[in-house]
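As a plain string of letters, each chain reads:
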Amino acid sequence: MDFNVKKLASGAGLFFTRAVQFTEEKLGQAEKTELDAHFENLMSRADCTKNWTEKIYRQTEVLLQPNPSARIEEFLYEKLDRKAPSRITNGELLGQYMQDAAKEFGPGTPYGSTLIQVGECERRLGAAEREFLQTSAISFLTPLRNFLEGDWKTISKERRLLENLRLDLDACKTRLKKARLAEAKTAMAPDFQETRPRNYVLSASASAAEHELRVAQTEFDRQAEVTRLLLEGISSTHVNHLRCLHEFVEAQAAYYKQCHFHMQELQKELGRLPNAFALNSTHSMAAAGSAAEGISSPVETDTLKIEEVQAPATGTRKAKVLYDYDAADSSELSLLADELITVYTVPGMDSDWLIGERGNQKGKVPVTYLELLS
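Residues numbered from 1 in each chain as written. Predicted model: local features only at pLDDT ≥ 70, side-chain atom pairs only at ≥ 80, totals over all residues. Heavy atoms only, no water.

The name given to the chain in an unreviewed UniProt entry is Endophilin-B1, with Lates calcarifer as the source organism. Recorded in UniProt under Sequence similarities (unreviewed entry), the annotation for the chain is "Belongs to the endophilin family." (UniProt positions renumbered as here; feature names shortened; annotations may be inferred.)

Here it is in structure tokens:
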């Protein structure tokens, strides 16, 4: 108990001494030991690294998981050292809803069959997103978090210790300065009755202050070297984060590449669907027109004969092909991405399609695969 009281009193005295030194420095009444310029640059670089790493980490979290409630849940599981339950992605959920709806509407109907195709694509996109999230969390977020929660906490702890030792050192310098001033003042105005005892006390006080200063200087120098080594390790941190950034970019590129591939395949599948609708649409329009005019002639059932279609004198345009397209039958024209073709429309043709010409080749092409040029 006595030991604890003494230790508490010693700690309180040390804290008070540091507080007095800090206050006098702020008021300009005490000198402050300045660190060299290189050391200051290292600390500034470390602070900059910490601040930007924290911002990048937080925003990457938002990018990977926009839902704040989900982020809080994952944070709590992490703090409780428990594995977070597997969460279905929004794309997978949307795909599941579409496929369930297709079962209700009938998978044999045009709408139902399209829902099945789009739903499967959305599920693939969701699976690709899940893989991207897992890869990014391991290769990018985890190293950044390890730096903030590990290396940076160690650096901060050593810097606080260095600052406390710096305050102790400057307090020792102040005490030594005051002891020498008192000793010099006594030497200039001696008291002949008490000269020897007072000089002896002042000399002993100055000697004790010098010893305390040497000890404080040694501890400060040792701590400064430890802190310097930690701060110089920020360069290695940058190298590690650079490698992690490359891995994040590769994961992101692979994810978007997968998404682009799945969407291209989906577009190819959907590009063939208007073939089935165009004839029905044309027939419906013809039947409606005949009914309005009171004409009882039968509906035209012959498909469009491409070889009989002639390019109009005016109205043709150039178009750039955006994606590869494989013709579904002889009435369509296969396309290659980035090639230029001539396109035009003919009366009675579905608005989702155009007639495309490339040299001597001619056929129907889907509008969604083209960029019309002026």
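Looking only at helices and strands, the chain features 7 helices and 5 strands. N-terminal to C-terminal, the α/β element order of the chain is α-α-α-α-α-α-α-β-β-β-β-β. Within the span of the chain, comprising 374 residues, buried residues form 31% of the whole. Here the chain has roughly 24,400 Å² of accessible surface; of this, 57% comes from carbon and sulfur atoms. (Helix = DSSP H or I, 4+ residues; strand = E, 2+ residues; numbered from the N terminus. Buried < 20%, exposed > 50% of the residue type's maximum accessible area, 1.4 Å probe, protein only. Areas by Shrake-Rupley, 256 points an atom, 1.4 Å probe, with all protein chains shown as cover.)

Below, the discussion takes up the nonpolar core. For soluble globular proteins, the rule of thumb is that nonpolar side chains tend to be buried together. Membership of the largest hydrophobic core comes to 39 residues, with the highest contact counts inside it found for Phe132 and Leu231. Those elements giving two or more residues to this core turn out to be helix H2 (37–64), helix H4 (90–105), helix H5 (110–188), helix H6 (195–232) and helix H7 (234–293). Counting residues per element, this core draws most heavily on H5, which supplies 18 residues. If near-sequence neighbours (up to four positions away) are discounted, Leu231 is found in contact with Phe39, Leu42, Met43, Ala46, Ile155 and Arg159. Ranked by size, the runner-up nonpolar core spans 18 residues in total, among them Leu333, Tyr344, Met349 and Leu354. (Core = buried A, V, L, I, M, F, W, Y, C linked by side-chain atoms within 4.5 Å. Contact = heavy atoms within 4.5 Å.)

Per the counting criterion, the structure on display carries 8 aromatic pairs. Ring geometry for Phe105 versus Tyr111: centroids 5.3 Å apart, planes at 20 degrees, classification stacked. Residue Tyr111 is classed as exposed on the basis of its relative accessible area of 53%. Ring centres 5.7 Å apart and planes at 90 degrees place the aromatic pair Tyr323 and Tyr369 in the edge-to-face group. Of the two residues, Tyr323 sits in the loop between strand S1 (317–321) and strand S2 (340–344) while Tyr369 sits in the loop between strand S4 (361–366) and strand S5 (370–372), which places them 46 residues apart along the sequence. On the accessibility criterion, Tyr369 (1% relative accessible area) is buried. Three or more aromatic residues joined by ring pairs form one cluster here, namely Phe132, Phe140, Phe248, Tyr255 and Tyr256. Seen from the ring of Trp353, Lys364 lies directly overhead, with NZ or CZ sitting 5.4 Å from the centre. (Phe/Tyr/Trp six-rings, centres within 6.5 Å; stacked < 30°, edge-to-face > 60°. Lys NZ or Arg CZ within 6 Å of the ring centre and 35° of its normal.)

In this model, H4 (16 residues) spans 22 Å end to end at C-alpha, consistent with the 22 Å of a helix rising 1.5 Å per residue. Gly91, Glu92, Gly95, Met98, Gln99 and Ala102 are the residues of H4 that are buried. For H4, the angular spread of the buried residues around the axis is 125 degrees, confining them to a single face. Facing away from the buried side of H4 by over 90 degrees, the exposed positions are Asn90, Tyr97 and Glu104. (Expected span 1.5 Å × (residues − 1). Arc of directions from axis to C-beta.)

Residue-level pLDDT values for the chain average 80, and 74% of them are 70 or greater. When mean pLDDT is taken per element in the chain, H2 scores highest with 94 and helix H1 (residues 2–26) scores lowest with 61. Counted against residues more than four places away or in other chains, residues 274–302, with its pLDDT under 50, gives 18 contacts. (pLDDT = per-residue confidence, 0-100.)

The strand order across the open sheet formed by 5 strands is S4-S3-S2-S1-S5, and the pairing between neighbours is antiparallel. The two strands at the open ends of the sheet, each matched to only one other strand, are S4 and S5. For this sheet, the mean inter-axis angle between neighbouring strands, taken without regard to orientation, is 40 degrees. For S2 and strand S3 (residues 353–358), the ladder comprises 3 bridges, and the chain directions are antiparallel. Each residue of the ladder has a partner; that of Val343, found in S3, is Gly356. (Pairing = 2+ DSSP bridges. Axes fitted to C-alpha atoms, helices over the stretch in contact; angles between N-to-C directions.)

Moving on, we get to the pairing of S4. By the bridge criterion, 6 bridges tie S3 to S4 in an arrangement that is antiparallel. Residue pairing for S4: Arg358 is matched across the bridge by Gln361. Between S3 and the antiparallel strand that follows it, S4, lie 2 residues; Gly359 among them carries a positive phi value of about 65 degrees.

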